[in-house]
Structures are given as C-alpha cells and as structure tokens.
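One-letter residues, chain by chain:
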2 protein chains.
Amino acid sequence: MPQHSTSGEISLSVIKTACSNCNLRELCLPFGLNIEELERLDDLVSTRRRIKRGDHLYRAGEAFDAIYAIRSGFFKTDVLLEDGRDQVTGFQMAGELLGLDGISTEHHTCNAIALEDSEICAIPFSRLESLSREIHTLQHHFHKVMSREIVRDHGVMMLLGTMRAEERLAAFLLNLSQRFTARGFSHAEFYLRMTRDEIGSYLGLKLETVSRAFSRFQEEGHIAVQQKHIRILNVNGLKALMNHRS
Amino acid sequence: MPQHSTSGEISLSVIKTACSNCNLRELCLPFGLNIEELERLDDLVSTRRRIKRGDHLYRAGEAFDAIYAIRSGFFKTDVLLEDGRDQVTGFQMAGELLGLDGISTEHHTCNAIALEDSEICAIPFSRLESLSREIHTLQHHFHKVMSREIVRDHGVMMLLGTMRAEERLAAFLLNLSQRFTARGFSHAEFYLRMTRDEIGSYLGLKLETVSRAFSRFQEEGHIAVQQKHIRILNVNGLKALMNHRS
DNA sequence: GCGTTCGCTTGATCCAAGTCAACCACGATT
DNA sequence: AATCGTGGTTGACTTGGATCAAGCGAACGC
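Conventions and cut-offs
Per chain, residue numbering runs from 1 following the sequence as it is written. Chain letters start at A and ligand numbers start at 1, both assigned in the order the entries are written. The predicted origin of the model limits local features to residues at a pLDDT of at least 70 and limits the giving and counting of side-chain atom pairs to 80 or more, whereas totals for whole chains, interfaces and linings rest on all residues. To get the side-chain values, take all heavy atoms of the structure and skip hydrogens and water. When we say a residue is near a molecule or strand, we mean one of its heavy atoms is within 4 Å of it. Counted as a polar contact is a pair of N or O atoms within 3.5 Å, where, for protein atoms, one must be capable of donating a hydrogen and the other of accepting one, and residues adjacent in sequence contribute only when both atoms are in side chains. The residue classification treats Ala, Val, Leu, Ile, Met, Phe, Trp, Tyr, Cys and Pro as nonpolar and Asp, Glu, Lys and Arg as charged. All others, Gly included, are polar. For each domain, the first and last residues come from an automatic or database assignment. Contacts between residues were defined by any pair of non-hydrogen atoms, one from each residue, lying within 4.5 Å. The term buried area means the drop in 1.4 Å probe accessible area that two parts suffer when joined, counted for both and summed. For every residue, the accessible area (1.4 Å probe, protein chains only) is compared with the maximum for its type, and the residue is labelled buried under 20%, exposed over 50%, or partly exposed between those bounds. Strands are runs of DSSP state E lasting at least 2 residues, helices are runs of H or I lasting at least 4, and numbering of each runs from the N terminus. Two strands form a pair only when DSSP identifies at least two bridges running between them. Criterion for a disulfide: a pair of cysteine sulfur atoms within 2.5 Å. Lines fitted to C-alpha atoms define the axes here, with helix axes fitted over just the stretch in contact, and angles between the N-to-C directions of these axes take values from 0 to 180 degrees. Note that the term roughly parallel is reserved for angles under 35 degrees, roughly antiparallel for angles over 145, roughly perpendicular for angles of 65 to 115, and oblique for everything else. A clockwise turn of the near helix away from the far one marks a right-handed crossing, whereas an anticlockwise turn of less than a right angle marks a left-handed crossing. The predictor attaches a confidence to each residue, called pLDDT, with possible values from 0 through 100. Working rule for helices: expected span equals 1.5 Å times residues minus one. For the least-squares superposition of copies, only C-alpha atoms count, and only for residues with pLDDT at least 70 in both.

Trainee: Could you clarify how one ought to interpret the protein's contact with DNA strand C in this entry?
Mentor: Taken together, 16 residues lie near DNA strand C, and A:Arg196, A:Ser211, A:Ser215, B:Ala165 and B:Thr209 sit nearest. Each atom of DNA strand C within 4 Å of the protein was classed as base or backbone; sugar and phosphate made up 64%. Take A:Ser211: an N or O atom from its side chain is 2.8 Å from a phosphate oxygen of DNA strand C. Across the surface near DNA strand C, the residue classes break down as 3 nonpolar, 5 polar and 8 charged.

Trainee: Would you mind going over the domain arrangement of chain A with me for this structure?
Mentor: Accessible area lost upon the coming together of the parts is a frequently used measure of interface size. Residues and elements named next belong to chain A. Under the domain assignment, chain A is made up of domain 1 (11-134) and domain 2 (163-243). Relative to domain 2, the C-alpha centre of domain 1 lies at a distance of 26 Å. Each partner contributes residues to the interface: domain 1 has 15 residues there, and domain 2 has 12 residues. Carbon and sulfur atoms supply 59% of the area buried between domain 1 and domain 2, which totals about 1300 Å² over both sides. On the domain 1 side of the contact with domain 2, Phe74, Phe91 and Met93 bury the most area, a combined 44% of that side's loss.

Trainee: Hey, could you run me through the pairing of strand β4 (residues 66-72) of chain A in this one?
Mentor: Every regular strand shows the same layout, with side chains that alternate between the two sheet faces. Residue and element names in this part refer to chain A. For β4, the buried fraction is high: 7 of the 7 residues fall into the buried class. Where β4 meets strand β9 (residues 118-124), 6 bridges bridge the pair, whose relative direction is antiparallel. Looking across to β9, one finds that Ser72 is bridged to Glu119. Pairing between β4 and strand β7 (residues 97-98): 2 bridges, direction antiparallel. The partner of Tyr68 across the bridge, within β7, is Leu98.

Trainee: What should I look at first to understand the state of the cysteines in this one?
Mentor: One way to say it: the disulfide is the covalent bond shared by the sulfur atoms of two cysteines. Tallying each qualifying case throughout the model produces 0 disulfides over all chains. Lacking any disulfide linkage, A:Cys22 is separated from the closest cysteine sulfur, that of A:Cys121, by 6.4 Å. On the accessibility criterion, A:Cys22 (12% relative accessible area) is buried. Residue B:Cys19 stays outside any disulfide, its sulfur separated by 6.3 Å from that of B:Cys121, the closest cysteine. You can call B:Cys19 buried: its relative accessible area is 11%.

Trainee: I tried to follow the packing of helix α1 (residues 35-44) of chain A against helix α2 (residues 125-134) of chain A on my own but got confused; where do I start?
Mentor: Each packed pair of helices is defined by two parameters, the angle between the axes and the distance between the axes. Residues and elements named next belong to chain A. Running from N to C, α1 and α2 cross one another at 165°; their axes reach a closest spacing of 10 Å. Regarding the angle of α1 to α2, the classification is roughly antiparallel. Viewed along their axes, α1 and α2 form a crossing whose handedness is right-handed. The segment α1 lies against α2, with Arg40, Leu41, Asp43 and Leu44 engaging Arg127, Leu128, Leu131 and Glu134. Grouping the constituent residues of the contact of α1 with α2 by class yields 4 nonpolar, no polar and 4 charged.

Trainee: Sorry if this is basic, but what is going on with the confidence of the model for chain A here?
Mentor: Caution applies to low-pLDDT parts of the model: their predicted coordinates are not meant to be read in detail. With 92% of its residues at a pLDDT of 70 or more, chain A shows a mean pLDDT of 92. In the predicted structure, residues 1-14 of chain A sits below a pLDDT of 50 and forms 20 contacts with residues beyond four places in sequence or in another chain.

Trainee: How should helix α4 (residues 165-182) of chain B be read in this particular structure?
Mentor: Side chains three or four residues apart in an α-helix point the same way, a direct result of the helix having 3.6 residues per turn. For α4(B), with 18 residues, the first-to-last C-alpha span of 26 Å sits near the 26 Å given by 1.5 Å per residue. Looking one or two residues beyond α4(B), the residue adopting positive phi is B:Gly184, at roughly 85°.

Trainee: Can you walk me through the relation of the copies chain B and chain A in this structure?
Mentor: Placing chain B over chain A gives an RMSD of 0.0 Å and needs a rotation angle of 180°, together with 0.0 Å of translation along the axis. On the angle and the small slide along the axis, the relation comes out as a two-fold axis. The rotation axis passes nearest to the C-alpha of B:Arg133 in chain B, at a distance of 2.2 Å. Mapped onto chain A, 100% of the interface residues of chain B again fall at the interface, so both copies present the same surface.

Next up, the structure:
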C-alpha cells in the first residue's frame, strides 16, 4: 500500500496504475477480462489520485469526463437542493465506481466527498466507450455495473418508501456488513466512516432517530456500539427486524 | 393509431416496426442517429407487442433478454418484498425504456404492468450491445439513457428522504406535466393513469394522504381535480410548494 | 494540561402522516 | 332502474419520528 501524501493538497501522481495487479480487479471494472484485455485497460486507467478526508472528488455542476474507481478509502455522494436541503445518495467503498450519474448530462449531478483518505483511479469516459466497443466483455460488464446501480437505487427507494426507522437502520447495517465481507473484512465488526447525521440523511431520518435506534439495537443485544465501532452480535435478529411488519 | 387487439390475450404481431418512421424517435433510443444507422436499428427492433391494461410486460424473476421501448401507453414498475410490502418504483410513458434493471443479474428485478392498453417494441439486448459496438452514437446515447435513469432515481430518493407529503405530490405533478409536454400534450391538463394508491406507493405515502393533498391543492386554487382528471391552474404555486421548507 | 469543538446520547414535547372507519361517486352488470 | 364493486373523499383519533434542549465524552489546537 502506498503511503499517504504528505502535502495537504490533492496530489496527482504518475505512479503506474495497473488494473492487472490490483487486488480489487474482480470487484471492479476489469471483472472477467483476460490478460491481454487487462493490459489494454491498464493503458486507459493511467491516473491515480489521492483524495484527503473531507475533500471533494468532484462537485455537482462540474463538467463530466471521467468515471472513478475507488482503489482504497470510502466516499459519500450527496445532492443539494436549492433551498438548502441535502440528501446523501450513497456510500461507496473500494472497488466501486463513482460518477455514473454524470454521463447523462455531461455534468456531475452530485458531490462526491472522501470520508477517509482515499485513492481513486480516473477512467476517461470517452476512452472507456471506445475500448468497450472493442472488448465485448468490458462493454457487457460496464452495462451490468450501471444496471446494478439502478437496482441498488430501487432498493433505497423501497427502504425510504416502505420501511420504518429501525428496519432502515438494520437494512443499512446488513448491507455494509455484506459489502465489507465481499472485500475480505470481517462481516461482524467494522468502523463506520460516516457520522450519525450522514447515516440519517441517507436513510431519511434525523440523527437523533439513528442514535436511538442504535441504542435500542444494543439494548436488545443485536449489536454492540461504541461510537463508530460496530460489532454485529446477532445477524438473524437484524434480519428479522428488517422483514417484520410491526 | 392501431386498433386494440380483439382477443383478450397478449398478442405478438409481425407488423413491420420501424424506428425510422416512429414519431417518438427523438425521445427514444434512436435519438441522434442518421438515416443509415436508423435502418440498422429497425432490423433489430423487429417485434412490437400489445399489452392490455392490467397485464404484465414482465415479472420480477423472469429471465432478461430484451429491453422495451414504449410506443404508446403507460406503465408502472413495482418491487415486491418477501413480507408482502410493495413499492411502485416508477411510471413510464411513450418513448421511455423499460427493463434496464434486468441487465445486472440477467433477471428482471421488478414487475412492469400496463396501466392502459399499450404497445411496446422489444429490443433484444445482446443485439443492442453488438449494434452499439458499431454505432458510436447509439452506444453513447444508450449510456446516457441508463445514466438518466440513475439521476431520476436520485431525484426520487431526494423526494422520499427529505420532502413532506404536499411537496412530494407537487413534485410528482410537475414532473408528469413536464413529461406530457415533451410529448406534445397539454402541460396543464391530463388524465392520471394510476390510482391514488399507486401514487401513494410511489411517493411513500398512504392513499388517504394523497387524496387529502389533492383536496388541499384544489382548495388553494393550484389545481382542479375531478377523479383522475387534473388541470394545473397555477404552476408557480406548485413550484413554490415544492421548494419551501415549511 | 485545559478549554473548545464536534459528534453522540437521552429526555420531553409536538405534529405530520398513518390508521380506522364511514360514506360517496361512478361504471359495469343484470 | 337497482345492485355491486372499486376507487376516492373525509373525519376522528393515534403514533412514530421530528424537534427542542440539555448534557457528555473523545479528539484537537494551543
């Protein structure tokens, strides 16, 4: 793992990025490619960038010309309404793509902010399109990734539209747990990278409600919470909470 | 306009469908293509199908192999949870695409149901992928359409996560109005194709709440409602309702 | 080491929307 | 014309989560 930048700035590095030896390749865009294809993708994904905690990867309104793969770290995306209200639309971790929303208007439609010091790979979109005209597998996988994003959003709509507070939080924790597991981390123990307020914004709840739900889950023995440190003690308990109409 | 099928069944017709003389082509997939490219798309979009009001175009769980363009009519998509709760994830009208969610898992993840007698064009997905490897413009436009779907979903998340009942309904009406306008219909007068219950499901509200909000809008002179017939009397009033933190 | 700040927790109160229930309007059926 | 069913409206009441407010603990700057 490379060291973090010592300067306080976003740093552009010319380190040779290589999908071919990235351990996230099976989670990320290169999924399913053979060696020769991978090397062609390497040429495309040439810039890696460090984003410090709290900095923007991009902002709503900026011109879109690349999508970003998260190499390490953790992001949130959010949308701001004219009247000041905002909503977190997602949390993204290593191996996931950012910026897909920008394709439609050629401008980013949300902000992407690092929740911890992170590293991303920039993928110039027009070059991705031309490469995917040549590599069938890449094209298809990219379509799957976009479609998966749509399905994920439907899940969030379901959550916001039909679930009560505790169900939402249970669903959220189970989803995080499952994504950490896919990345080789513990499914039962992790640190939240976001605040209660950010969780609340994502789940359509106020931070106090999130906090109370955490406390309740702890009282009932489903989890152990200590600030941002979460241990899941009873997965099935959480699953049951999620499915039962009160 | 073709006549409705006289049989009670979904009918498969071999009418020569042609994007090239479809008046929705500028709203739909063919956007931006030249004549020669349009003809190649015509070959691909060969099957047109009629779906009667209340019938499914596809169901969650079915194998995915095509996306669908709505030639005429009106659809809703919904997702069903194991515990019986369901949520309408969208309403689609002529020129819009259905089925994009199925790409990710190769199975449809929601149900698509006609809210009035409708006609769709089936677009075999693997053939669309190969054609878009050859036609740059088609590829790019398809990516834009998928991305637009993601942006739309973020809008719904915003609505469900941060807006109160009347704001949601105002946003919904303005969105419908805008889409009808884009199709050459009146922006101020239209018939709702869906029930109060379906609107409520989409907006994360109960049907009674939707009904009360309609009544309130009417009392305040923003709209005139008579069952499913809506006239918008004061667009700015609705817009103001949407943006103001109470 | 100490004060300040930020994020989190907890309690008391309030209110928007949900729930339950009655009733109405319009179409379809006979 | 009478009946039935579905969808819509409206009222009375309840409630889950928001709001307001106080206090606490960990992290950070000086």
